[in-house]
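# Inside the fold
Listed below, chain by chain, are the residues.
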Amino acid sequence: MPNTDEYIGVVISDVARLLRTEFDRRVRRLGITRGQWLVLTRLHRHPGASLSELAEMMEVEKATAGRMIDRLVANGWVARRIQRDDRRVKRVFLTPEAERVHKRIWRVAEATVEDALVSLSMRESKQLMTLLQRVKKTLVTAVDDAQPGSARVAGRKPVLRAGRGHNGKAAP
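A few points on the structure. Note that the coordinates shown come from a computational prediction; the quantities given were computed from them, not determined experimentally.

Reading the values: rules and limits
Residues numbered from 1 in each chain as written. Predicted model: local features only at pLDDT ≥ 70, side-chain atom pairs only at ≥ 80, totals over all residues. Heavy atoms only, no water. Core = buried A, V, L, I, M, F, W, Y, C linked by side-chain atoms within 4.5 Å. Buried < 20%, exposed > 50% of the residue type's maximum accessible area, 1.4 Å probe, protein only. Helix = DSSP H or I, 4+ residues; strand = E, 2+ residues; numbered from the N terminus. 1 Å grid on protein atoms, 1.4 Å probe; cavity = no way out; pocket = protein on both sides within 12 Å on 5 of 7 lines; lining within 4 Å. Points joined across faces, edges and corners; volume = space filled by probe spheres on them. Nonpolar A, V, L, I, M, F, W, Y, C, P; charged D, E, K, R; others polar. Arc of directions from axis to C-beta. Contact = heavy atoms within 4.5 Å. Axes fitted to C-alpha atoms, helices over the stretch in contact; angles between N-to-C directions. Parallel < 35°, antiparallel > 145°, perpendicular 65-115°, else oblique. Pairing = 2+ DSSP bridges. Patch = residues over 30% accessible without salt bridge, like charges linked within 9 Å, V, L, I, M, F, W, Y side chains within 5 Å. Areas by Shrake-Rupley, 256 points an atom, 1.4 Å probe, with all protein chains shown as cover. Salt bridge = Lys/Arg side-chain N within 4 Å of Asp/Glu carboxyl O. Expected span 1.5 Å × (residues − 1).

## Looking at the nonpolar core
In a soluble, globular protein the nonpolar side chains are often hidden away together inside. Among the nonpolar cores identified, the biggest contains 24 residues, and Ile32, Leu40, Leu43 and Val78 are the most heavily contacted of them. Elements that contribute at least two residues to this core include exactly helix H1 (8-27), helix H2 (34-45), helix H3 (51-58), helix H4 (62-74), strand S3 (86-94) and helix H5 (96-116). It is H5 that contributes the most residues to this core, five residues altogether.

Take a look at the structure:
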C-alpha cells in the first residue's frame, strides 16, 4: 500500500481543503459563507451568467444555485435581469455593494494564500504557480477532449508515457 502522504493528488487535495478551511475562518467575521463567496466570484468573472450556467460553474444542482441566488438577492448583492431576446432566461449580475464585498473578500483570499506560501521564496512561489498552471492546462485539455463529440470520446486513444511517476516510482 502506497504512502498517501507522498502521493501528489492527495497533497494537492489536502492543500486545497486546508486553504478553504483557513479562508472560511477568516471571512466568517464578514458574515458570508463559502457558497455565497463562490457565487460572487463566479459572477464577478462571468457577469450576466444564467442560473444554469452558475449551477454548472459551481458544480451544484440548479435548484441549489437558485436558493443561493435567492439569498443573495435578499441581501441586495445580486440582481436578476430578464434576457431581452428570451424572456424565460434570467441573467444574474452583482450589485455595486456585492462588488465592494468581493474586493474585501478577495483581499482576505490573497492574504490567506500569501500566509500559506510564507515558507517559499519568491522564486519558489513563481515556480509553483507555473507548474500548477501547466497541470491545470493539461487537465482542462483532457476535460475538453472528453466532451461529447470530441476526438477522444469518438475513439482517439490517449498517448501514454512510459516512465516514472512524480515520486520516482513507476506510475500505475
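Having seen the model, we can carry on.
## A few points about the layout of surface pockets
Roughly 2400 Å³ of volume is contained in the largest pocket. Together, 50 residues line the largest pocket, and Ile12, Ala16, Leu19, Leu132 and Lys136 are the ones closest to its centre. Those elements giving two or more residues to the lining of the largest pocket turn out to be H1, H2, H3, H5 and helix H6 (122-145). Here the lining of the largest pocket takes 16 residues from H6, the largest share from any one element. A class-by-class count of the residues in the lining of the largest pocket yields 26 nonpolar, 11 polar and 13 charged.

## Here's the deal with H3
Among the residues of H3, those classed as buried are Leu54, Ala55 and Met58. Axial view of H3: buried residues confined to an arc of 100°, hence all on one face. If you follow the buried residues of H3, they end up packed against H2, strand S1 (49-50), H4 and S3. One or two steps after H3, the chain reaches Glu59, where phi turns positive at roughly 60°.

## Focus: the packing of H2 against H4
The geometry of H2 relative to H4 is characterised by a closest axis approach of 10 Å and an angle of 85° between their N-to-C directions. Here H2 lies roughly perpendicular to H4, going by the angle between them. From H2, Gly35, Gln36 and Val39 reach across to H4, where they touch Met68, Ile69 and Leu72. Tallied by class, residues from the contact of H2 with H4 come to four nonpolar, two polar and no charged.

## A look at the pairing of strand S2 (residues 78-83)
By the bridge criterion, six bridges tie S2 to S3 in an arrangement that is antiparallel. Residue Arg80 lies in a different strand from S3, and its bridge partner there is Val92. The loop that links S2 with its antiparallel partner S3 comprises two residues.

## Thoughts on a nonpolar patch on the surface
Taken together, the side chains of Ile8, Ile12, Leu120, Leu128 and Leu132 present a nonpolar region at the surface, about 380 Å² in accessible area. Every element with two or more residues in the nonpolar patch is listed here: H1 and H6. Looking at the secondary structure, you find Ile12 in helix H1.

## Some points on H4
Because each turn of an α-helix spans 3.6 residues, side chains separated by three or four positions in sequence point in the same direction. Compared with the 18 Å implied by 1.5 Å per residue over 13 residues, the 18 Å span of H4 between its first and last C-alpha is a close match. Among the residues of H4, Ala65, Gly66, Met68, Ile69 and Leu72 are the ones counted as buried. Buried residues of H4 fall within an arc of 165° about the axis and therefore sit on the same side. Contact partners of the buried residues in H4: H2, H3, S2 and S3. Two residues or fewer past H4, Gly76 is found with a positive phi of approximately 80°.

The quantities given are spatial measurements derived from coordinates; they are silent on function.
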